[in-house]
Amino acid sequence: NSNVDAILSMNDNIPKPTSLKKNHMLIQVLACSISPGDVIMVQGNMLFMHQPFPFIPGMDICGVVVDNNSSTKFKNEDVIVASNGMNPVGGMAEFMAINEKEAVILPQGISNEQGASSSSAISARNAVMDHVKEGDRVLILGGSGGVGSAAIQISKGHAKASFVATTSTQSDLCKELGVDRVINYQSQDWWTIEEFQQEKFDVIIDTVGGGNFYGRADKVLKTGKQGGTFVAVTGDDPSPDCRTIWKLLKFFGGMLKHTIYTKLNTRTLPNYVLLMPHGVVEGRNEVLEWMEQGSLKIKLDGDGPLPFTADGVRKAFIRVGSHHAHGKVVVRIAEK
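Residues numbered from 1 in each chain as written. Predicted model: local features only at pLDDT ≥ 70, side-chain atom pairs only at ≥ 80, totals over all residues. Heavy atoms only, no water.

**Q** Explain the overall build of the protein to me, using residue names and the numbers behind them.
**A** Along its length, the protein carries 11 helices and 13 strands. The C-alpha radius of gyration of the protein comes to 20 Å, within 12% of the 20 Å expected for a compact globule of 336 residues. On the principal axes, the C-alpha backbone points of the protein span a range of 60 × 45 × 35 Å. Out of the 336 residues belonging to the protein, those deemed buried represent 50%. Here the contacts in the protein between residues at least 6 apart in sequence split such that 74% fall between residues at least 24 apart. Across the protein, the 33 positively charged side chains and the 35 negatively charged ones have centroids separated by 5 Å. (Helix = DSSP H or I, 4+ residues; strand = E, 2+ residues; numbered from the N terminus. Rg over C-alpha atoms; globule rule 2.2 N^0.38 Å. Buried < 20%, exposed > 50% of the residue type's maximum accessible area, 1.4 Å probe, protein only. Contact = heavy atoms within 4.5 Å. Lys, Arg positive; Asp, Glu negative; His and termini not counted. Charge placed at Lys NZ, Arg CZ, Asp CG, Glu CD.)

**Q** Could you give an account of the layout of surface pockets, naming the residues involved and the relevant values?
**A** Over the atoms, a rolled probe matching the size of one water molecule traces out where space is still vacant. For the second largest pocket, the calculated volume is near 1200 Å³. If you list the elements that add at least two residues to the lining of the second largest pocket, you get strand E4 (95–99) and helix H11 (310–321). Ranked by the residues each element gives to the lining of the second largest pocket, the list is headed by E4, at 4 residues. In terms of residue class, the lining of the second largest pocket is built from 24 nonpolar, 11 polar and 7 charged. (1 Å grid on protein atoms, 1.4 Å probe; cavity = no way out; pocket = protein on both sides within 12 Å on 5 of 7 lines; lining within 4 Å. Points joined across faces, edges and corners; volume = space filled by probe spheres on them. Nonpolar A, V, L, I, M, F, W, Y, C, P; charged D, E, K, R; others polar.)

**Q** Requested: an account of the side chain of Ser117, with residues and values cited.
**A** Its place among the elements puts Ser117 in the loop between helix H3 (112–116) and helix H4 (119–129). We classify Ser117 as buried; its relative accessible area is 0%. Here the side chain of Ser117 touches Glu113 through a polar contact of 2.8 Å, landing on its backbone oxygen. Those residues in contact with Ser117 that lie beyond four places of it in its chain are Ser33, Ile298, Leu300, Lys328 and Val330. (Polar contact = N/O pair within 3.5 Å; in protein donor to acceptor, adjacent residues only side chain to side chain.)

**Q** Tell me about the side chain of Lys328, and please be specific about residues and values.
**A** Assignment of secondary structure puts Lys328 in the loop between H11 and strand E13 (329–332). Look at Lys328: it is buried, it has no salt bridge, and the nearest opposite charge is Asp60 at 5.3 Å. (Salt bridge = Lys/Arg side-chain N within 4 Å of Asp/Glu carboxyl O.)

**Q** Hey, could you go over the pattern of salt bridges for me, with residue numbers and the actual values?
**A** Applying the stated rule across the entire model yields 13 salt bridges. Between Glu113 and Arg332 there is a salt bridge whose closest N-O contact spans 2.8 Å. Taken together, the residues Glu113 in helix H3 and Arg332 in strand E13 connect sequence positions 219 residues apart. What makes Glu113 buried here is its relative accessible area of 8%.

**Q** Help me get a handle on a nonpolar patch on the surface, residues and values and all.
**A** A surface patch of nonpolar side chains, amounting to about 330 Å² of accessible area, comprises Leu256, Ile260 and Leu264. Here Ile260 shows up in helix H9 (residues 245–263). (Patch = residues over 30% accessible without salt bridge, like charges linked within 9 Å, V, L, I, M, F, W, Y side chains within 5 Å. Areas by Shrake-Rupley, 256 points an atom, 1.4 Å probe, with all protein chains shown as cover.)

**Q** Before we move on, could you go through the nonpolar core and cite the residues and values that matter?
**A** Ranked by internal contacts, the top residues of the largest apolar core, which has 40 residues, are Val132, Val138, Ile205 and Leu296. Elements with a contribution of two residues or more to this core: H4, strand E6 (137–141), helix H5 (146–157), helix H6 (171–176), strand E9 (203–206) and helix H10 (280–293). (Core = buried A, V, L, I, M, F, W, Y, C linked by side-chain atoms within 4.5 Å.)

**Q** Requested: an account of unusual backbone geometry, with residues and values cited.
**A** Phi at Asn23 is positive, roughly 70°, even though this residue is not glycine. For Asn23, the location among the structural elements is in the loop between helix H1 (2–7) and strand E1 (24–34). Phi at Lys160 is positive, roughly 65°, even though this residue is not glycine. The residue Lys160 is located in the loop between H5 and strand E7 (163–167) in this model.

**Q** Give a description of the packing of helix H2 (residues 36–43) against H11 that names residues and reports values.
**A** Running from N to C, H2 and H11 cross one another at 110°; their axes reach a closest spacing of 9 Å. The orientation of H2 with respect to H11, classified from their angle, is roughly perpendicular. Of the residues in H11, those touching H2 at Pro36, Asp38, Val39 and Val42 are Phe317, Val320 and Gly321. (Axes fitted to C-alpha atoms, helices over the stretch in contact; angles between N-to-C directions. Parallel < 35°, antiparallel > 145°, perpendicular 65-115°, else oblique.)

**Q** Run through the sheet that holds E9, naming residues and quoting values.
**A** Whether parallel or antiparallel, the strands of a sheet pair through hydrogen bonds between backbone atoms. Strand order in the open sheet formed by 6 strands is E8-E7-E6-E9-E10-E11, and the pairing between neighbours is parallel. Two strands close off the open sheet at either side, each with one partner strand: strand E8 (181–183) and strand E11 (271–274). Pairwise comparison of adjacent strand axes, ignoring direction, gives a mean angle of 15° for this sheet. Bridge analysis of E7 against E8 gives 3 bridges, and the strand direction is parallel. Bridge assignment links Thr167 to a residue of E8, and that residue is Ile183. (Pairing = 2+ DSSP bridges.)

**Q** Report on the packing of H4 against H10, specifying residues and quantitative values.
**A** Direction vectors running N to C along H4 and H10 enclose 95°, while the axes themselves pass 9 Å from each other. Relative to H10, the element H4 lies roughly perpendicular. In this structure, H4 contributes Ala121, Ile122, Arg125 and Met129 to the contact, and H10 contributes Val280, Glu282, Gly283, Arg284, Glu286, Val287 and Trp290. Its residues placed into classes, the contact of H4 with H10 shows 6 nonpolar, 1 polar and 4 charged.

**Q** Mind laying out the environment of Tyr185, listing which residues take part and the relevant values?
**A** By secondary structure assignment, the location of Tyr185 is in the loop between E8 and helix H7 (194–198). Assessed through its relative accessible area of 39%, Tyr185 is described here as partly exposed. Remark: the alpha-carbon pair of Tyr185 and Asp38, spanning 147 residues in sequence, is separated by 26 Å. With residues up to four places along the chain from it excluded, the contact list for Tyr185 reads Thr167, Ser168, Thr169 and His324.

Dropping the structure here:
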């Protein structure tokens, strides 16, 4: 947190982007949500994602097209939801240039802040729809966060899981989302629950990371041969320090070891899957469609969006970095 306080500052003298690349549009940003990856970027903990200073953090936005740069897909004044592809910078600003292939129209009835916050639901969609089958028993670790809260709803409403449990201190929130059982991780360890040991889960989705959760999962999760799958959304460490090649190899090597080892021991261990980004634009379209239909609700942390001030942005990063946000953390940049 002190690292964030020292690094982040507001600058109102940055010029608006003027020279647009081919297929790029100029967007007036209305809202920008923050994810754990944005915090890692600001802290400089990922070797291959280092940015030259100064840079503008954030990438998941909702905004208005102010210069469509002769696009045939979008016109000026369209309200869109977009990210910056694999370059997670540029969003926490009044204006941002984005590639039109990363953008989709914001459906009617969805707020700017919810649109900007839909990115975590794409990860939840991929984790659930790729691995959960109708009738499965599912355990979601971290049910009140951005990914976890969406995963509960998608598991119940779209994958048609027969039973969904989650770990959280926010019991009322999770039950409102449709979960069948909430385990307060402060007072109970999910892998020790006798009911789960007797009737094991088909899928565990870990949105928390750390805690050697995969090492404990076999107590309540079916083996790979039985179809049991552990989906790691965050990896083994939610706040990895990968500032050197050695640390980077150690971080990713550990997860690769899990994957290979479990493939060779499916009779005794659950499958281990590290969730990697894929189908982002397709996922964004589907997630926004579910939101428009009312079958998916994006929960915002606290009392709603934070203001676009130095204090507001710092609070957003500190909140996400604490790993105790209850819903998506989003900053309102402008009104529309």
